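For reference, the chains in residue letters:
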Amino acid sequence: MKLKVLLGFVALYICHCQARVQLRLTDGKHKYEGRVEAFVNSQWGPISARGWNKKAAQVVCRQLGFGGKVIRYTKGVTYGHPKGPRPVWLEAINCNGTENHIDDCNHSGWVKSKRRLNFFDLAGVMCYTAEGRVLFPPVASAWGDINATKVKFWLDGDIENGIISAGYLIMSYKNIKGYVCADKWTWHSNNMRVACGHLGFPEAIKLRSMLSNWPFILNGLDCKGTESSLLSCNHTGYAYKQQTCKSNTAVWLQCKVFNRTSKFKNSANLKLRGAAYPWGGRVELKYKHSWTTLCDDTWDLFAANAVCRTLGYGTANEASFAAKYGQGTQLTIVDGVKCQGYENDITNCKWTVIFPKSNCSHFEDAGVECNAPMYQLKEVRLVGGKNSSEGRVEVKINGEWGTVCGDHWHVKSAMIVCRELGLNFAEKNITGNEFGVGEKIVMSKPICIGDEISLTQCLRDDNVTCSSSEKVAGVRCTDALPDLALSIRGIYRTLRVDYLPNTMLRCSWEENCLTSSANRYMNNFYMRYYRRRLMRFSTIILNFGSADYRPLAKKEDWIWHTCHKHFHSQEEFATYDLLTSDKRRRKVAEGHKASFCLEDTRCLAGVDRTYNCTAGTQGISVNCFDDYAYNIDCQWIDVSDVPYLRSYILHVNINPKFEVPETDFDNNVVVCDIYDRGSFIRVRDCGY
């Protein structure tokens, strides 16, 4: 009898151990992040961070149904620790990253730990998932089981400047379209507000009830005025066939178009960054001369609508979470944004500023995609490429298709082309005949600011000229790009003045990092007696984009510098200018830095380093930093000939010639207001 009982316990134990272990994420703000816990012996317990890395995190995310992509993995108490004592079920783990279940990895075994929980050694993860990272406008119950993706609203009217801002309001669903009945619209300003917002305009200007013989598809629309979409409003009648309209009149609507001056005025205090189009991106507000991001803890469609309307667009097509458009670099984060839904300006909402000590990080930066007016003209195309994402650029000018001259063809112009064609970013702006030359050049020297909807809206020469008929503009588009950002804190904290003897500066002199006045003192006789006054600072460069930053030149084209004994992969990776503080902003001194070693000096928690100069690879991975310390050669401006005891403006710019395309170039420049005391620098303010 005792033997049977013993065998029963053994069988039960074997059966229990062979069961696939369940996992969960706890104490995270979202369902796709948290502390990793396992269910063993009828009890939940955490996993130790011993052996915990990105590969193990990928397996956990895959097992939990989020796919194998990880935003970050954490070690320690990022997500807190369990309440009360609990055993650590897994002490060590080793995965290759391709497993579908944590039991498929090599690990210490699912046995009860002999020690209690170590509060500072816990595994956590934030999984990547599209679900839960985006909030779409809800569909009202009155619409039944309608497929929202099949519904279209637009204005039927005249095209002005490429868009239609006034006309009959038309609705279509699948293969049926019709008018919106104007009954009760004459006194319903909320309907007008939501309709124009849905169509990409901030406000409604005029409403008319126009007699129509066309069929009516929607009747009795009833909006509160806070909705992001017309599908969020109730109605009294919608059908696949004609609706009854008592007045037999259709809605004719005129919406307000924001001019560029108004947009620029508002964008001085509010910006969207990180997206391929200007009407979407990471939300950033200006606070006390510095830019801040918004925490997504209380982020909703009401706040997203206010942001969009502030910038001159319509309502929000989506509100996004978890840094969908990349992370900001600011020291402060706006939290607790509360909007009622009727605001036309984000400053009318209630919000507070918190600091990095809070539980909100840049992994939680809020984003938005606004409804923007649809551009009606098809005036740009790509021809001659191997696929639809590349080719020579052809535009339609005065009814005639032709090419664009490659002279002064910049990456910002190429960005507009890719955006207009729905191809996101420009990976490379190409000049030459790689994709053929076409029949006729019809545009030259386009100058784009960056917020244009079409290349034809950019400034250009009235007289078409080109240095060669073989030199035409082309582009190669992509879905992802890097986004380099300079650390303001890195410059602010390290800015200093050092006096270095000329004997230490020979290599720097050979790389033209000193002013011309140093030439006469760099021979062997004078070198020991003279020194230079150098304004030095560190540049910490972060890549918060969606792709790695790689040098433009191929490895075989890198330039070897004998004195410093290293390769330069990008001859002018950064420029440093010292300007006068008056209105003229006259340059009094300058410096530059070649990229002799682009590498992942360090990365954010949970991100692995990829590039290492000693291994012969150069680049900056997503969510990694490349640090150039102030004590490195050429990390300075030679101010030996500049008078001190006066104010200056320090201007630091990385990737200044836009040689490598990025999602955003605005955060490549840091400007500091400084006072030169001769032996040290007093920094008054720094910002983008």
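Conventions adopted
Residues numbered from 1 in each chain as written. Predicted model: local features only at pLDDT ≥ 70, side-chain atom pairs only at ≥ 80, totals over all residues. Heavy atoms only, no water. Helix = DSSP H or I, 4+ residues; strand = E, 2+ residues; numbered from the N terminus. Buried < 20%, exposed > 50% of the residue type's maximum accessible area, 1.4 Å probe, protein only. Contact = heavy atoms within 4.5 Å. Areas by Shrake-Rupley, 256 points an atom, 1.4 Å probe, with all protein chains shown as cover. Pairing = 2+ DSSP bridges. Disulfide = S-S within 2.5 Å. pLDDT = per-residue confidence, 0-100. 1 Å grid on protein atoms, 1.4 Å probe; cavity = no way out; pocket = protein on both sides within 12 Å on 5 of 7 lines; lining within 4 Å. Points joined across faces, edges and corners; volume = space filled by probe spheres on them. Axes fitted to C-alpha atoms, helices over the stretch in contact; angles between N-to-C directions. Salt bridge = Lys/Arg side-chain N within 4 Å of Asp/Glu carboxyl O. Patch = residues over 30% accessible without salt bridge, like charges linked within 9 Å, V, L, I, M, F, W, Y side chains within 5 Å. Core = buried A, V, L, I, M, F, W, Y, C linked by side-chain atoms within 4.5 Å. Polar contact = N/O pair within 3.5 Å; in protein donor to acceptor, adjacent residues only side chain to side chain.

Under the annotation held in an unreviewed UniProt entry, the chain carries the name Lysyl oxidase homolog 2A-like and is attributed to Paramuricea clavata.

For the chain, the helix and strand inventory stands at 8 helices and 42 strands. Taking all 688 residues of the chain together, 53% fall into the buried category. Excluding contacts between residues fewer than 6 apart, the proportion of contacts in the chain whose partners are at least 24 apart in sequence is 71%. As displayed, the chain offers around 32800 Å² of accessible surface, 50% of which is attributable to carbon and sulfur atoms.

Attention now goes to the pairing of strand S2 (residues 33–40). Burial runs high along S2: 7 of the 8 residues are buried. When strand S1 (residues 22–26) meets S2, the two strands line up antiparallel, connected through 5 bridges. Looking at S2, one finds that leucine 23 is bridged to alanine 38. Remark: 6 residues form the turn of the hairpin made by S1 and S2, two consecutive strands paired antiparallel; aspartate 27 in that turn has positive phi of roughly 65°. Relative to strand S3 (residues 43–46), S2 is paired through 4 bridges, and the arrangement is antiparallel. Within S3, the position partnered with valine 40 by the bridge is glutamine 43. From the end of S2 to the start of S3, which pair antiparallel, there are 2 residues, and asparagine 41 there has a positive phi angle of about 50°.

Okay, the state of the cysteines next. Applying the stated rule across the entire model yields 13 disulfides. In this model cysteine 339 forms its disulfide with cysteine 349; the gap between the sulfur atoms is 2.0 Å. What sets the handedness of the cysteine 339 and cysteine 349 disulfide is the S-S torsion sign, and at about 115° it is right-handed. Linking cysteine 339 in the loop between strand S20 (333–338) and strand S21 (350–354) with cysteine 349 in the loop between S20 and S21, this pair joins segments that are 10 residues apart in sequence. Of the residues examined, cysteine 349 reaches a relative accessible area of 6% and is grouped as buried. Cysteine 513 shares a disulfide with cysteine 634; S-S distance 1.9 Å. Across the S-S bond linking cysteine 513 and cysteine 634, the dihedral sits near 95°, which makes this disulfide right-handed. On the criterion of sequence distance, the pair formed by cysteine 513 in the loop between helix H8 (506–510) and strand S31 (531–536) and cysteine 634 in the loop between strand S38 (624–628) and strand S39 (636–638) is long-range, its members being 121 residues apart. Assigned by exposure class, cysteine 513 and cysteine 634 land together as buried.

This next bit is on the confidence of the model for the chain. On average, residues of the chain carry a pLDDT of 84, and 90% of them reach 70 or more. Every residue in residues 1–18 is under pLDDT 50, and counting partners more than four places away or in other chains gives 1 contact.

For the rest of this paragraph, the subject is the layout of surface pockets. One water molecule sets the probe size; rolling that probe over the atoms shows where empty space is left. Empty space within the largest pocket amounts to approximately 1300 Å³. Taken together, the elements giving at least two residues each to the lining of the largest pocket come down to strand S9 (151–156), strand S19 (316–320), strand S22 (367–370) and helix H6 (411–420).

Looking now at unusual backbone geometry. Of note in the backbone geometry, asparagine 424 takes a positive phi value of approximately 65° without being a glycine. Positive phi, close to 50°, is recorded for lysine 445, a residue that is not glycine. Among the structural elements, lysine 445 can be located in the loop between strand S27 (441–443) and strand S28 (472–478). Here lysine 445 falls in the partly exposed class, since its relative accessible area comes to 30%.

An order of S29-S32-S38-S37 is seen for the 4 strands of this open sheet, with the pairing classed as antiparallel. Whereas interior strands pair on both sides, the edge strands pair on one side only; in this sheet they are strand S29 (484–486) and strand S37 (602–603). Of the strand pairs in this sheet, strand S32 (residues 539–543) and S38 are connected by 5 bridges, and their pairing is antiparallel. Bridge pairing links isoleucine 541 to aspartate 626 in S38.

On the basis of which strands lie adjacent, the open sheet formed by 3 strands has the order S30-S31-S39 and antiparallel pairing. Every interior strand has two partners, whereas the edge strands, strand S30 (496–501) and S39, have only one. In this sheet, adjacent strand axes meet at a mean angle of 35° when their direction is disregarded. Pairing of S31 with S39 involves 3 bridges; the strand directions are antiparallel. Of the residues in S39, the one forming a bridge with methionine 535 is isoleucine 637.

Under the definition given, this model contains 28 salt bridges. Between lysine 587 and glutamate 590 there is a salt bridge whose closest N-O contact spans 3.1 Å. Looking at lysine 587, the relative accessible area reads 43%, which means it is partly exposed. Exposure remark for glutamate 590: the relative accessible area of 48% places this residue in the partly exposed category. Several salt bridges share partner residues, and in doing so they unite Arg24, Asp27, Arg35 and Glu37 into one network.

Moving on, we get to a nonpolar patch on the surface. Taken together, the side chains of Tyr499, Tyr644 and Leu645 present a nonpolar region at the surface, about 300 Å² in accessible area. Tracing the sequence through the fold places tyrosine 644 in the loop between S39 and strand S40 (646–654). The exposure class of tyrosine 644 is partly exposed, given its relative accessible area of 42%.

Another aspect to go through is the nonpolar core. Residues Trp52, Val125, Trp299, Val368, Val393 and Leu455 are the most contacted members of the largest nonpolar core, which totals 97 residues. Core analysis: the next-biggest nonpolar cluster, separate from the first, contains 32 residues, Leu155, Tyr173, Ala195 and Leu253 among them.

This part is about the environment of glutamate 203. Locating glutamate 203 in the fold gives a position in the loop between helix H3 (189–198) and strand S12 (204–211). For the pair glutamate 203 and cysteine 255, spaced 52 residues apart in sequence, the C-alpha to C-alpha distance is 5.9 Å. Look past the residues within four positions of glutamate 203 in its chain and what remains in contact with it is Cys196, Cys255, Lys256 and Asn344.

Glancing now at helix H2 (residues 54–63). By the criterion of burial, H2 is predominantly enclosed, with 7 of the 10 residues buried. Residues Ala56, Ala57, Gln58, Val59, Val60, Cys61 and Gln63 constitute the buried set of H2. Taken together, the buried residues of H2 touch S1, S2, strand S4 (70–75), strand S5 (93–94) and strand S7 (123–127). The N-capping residue of H2, defined by a side-chain oxygen 3.2 Å from the backbone nitrogen of lysine 55, is asparagine 53. Directly after H2, the chain includes glycine 65, whose backbone phi takes a positive value near 90°.

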